[in-house]
Amino acid sequence: MPIDYPSLAARVGSEIELVTSLGPVTLRVEEAEPHAGGHPGGSLTFTAPNDPLLEQGTYPVRAGEDEGQLFVVPIGADGDRATYQAVFA
């Protein structure tokens, strides 16, 4: 199954894994916010340890048996946690 908004939105409260040049990084799917007006897609918010702090970019991702690519943007850090966002059109 592809990595898309519905497949990741169904994983709120669970973890996915990004593959980075620094090794695998586990992100927790914290929130899924669908686009208004019934438009497809939406916004997903993730948290992860802030070490390493990931740069904005596209990363290979594994979510259970699903694999694909995910473009993430760091949107904040608090204490030892970083917050990232991915938006699907």
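Above this note sits the structure.
These numbers come from a predicted model, not from an experiment. Residue positions within a chain follow its written sequence, with the count starting from 1. It should be noted that, the model being predicted, local features are given only for residues of pLDDT at least 70 and side-chain atom pairs only at 80 or more, the latter also being counted only at that level, while totals for whole chains, interfaces and linings use all residues. Excluding hydrogens and water, the side-chain figures rest on all heavy atoms present in the structure.

*Asks:* Would you take a moment to explain the pattern of salt bridges for this structure?
*Replies:* Pairs may arise between side chains of opposite charge once their charged atoms sit close together. Here a salt bridge means any side-chain nitrogen of Lys or Arg lying within 4 Å of a carboxyl oxygen belonging to Asp or Glu. Taken as a whole, this structure holds three salt bridges when the rule is applied. The partner of Glu-17 in a salt bridge is Arg-62, with the nearest N and O atoms 2.4 Å apart. Remark: Arg-62 occurs in strand E4 (residues 57–63) and Glu-17 occurs in strand E1 (residues 15–20); sequence separation between them is 45 residues. Per-residue accessibility, obtained with a 1.4 Å probe over protein chains only, is compared with the maximum for each type, and a residue is labelled buried under 20%, exposed over 50%, and partly exposed between these values. The class for Glu-17 is partly exposed, based on a relative accessible area of 23%. Accessibility expressed as a relative area gives 36% for Arg-62, which makes it partly exposed. Across the salt bridge formed by Arg-28 and Glu-30, the nearest N and O atoms sit 3.3 Å from each other. The exposure class of Arg-28 is partly exposed, given its relative accessible area of 33%. Working definition: helices are DSSP H or I runs of at least four residues, strands are E runs of at least two. Numbering for both runs from the N terminus.

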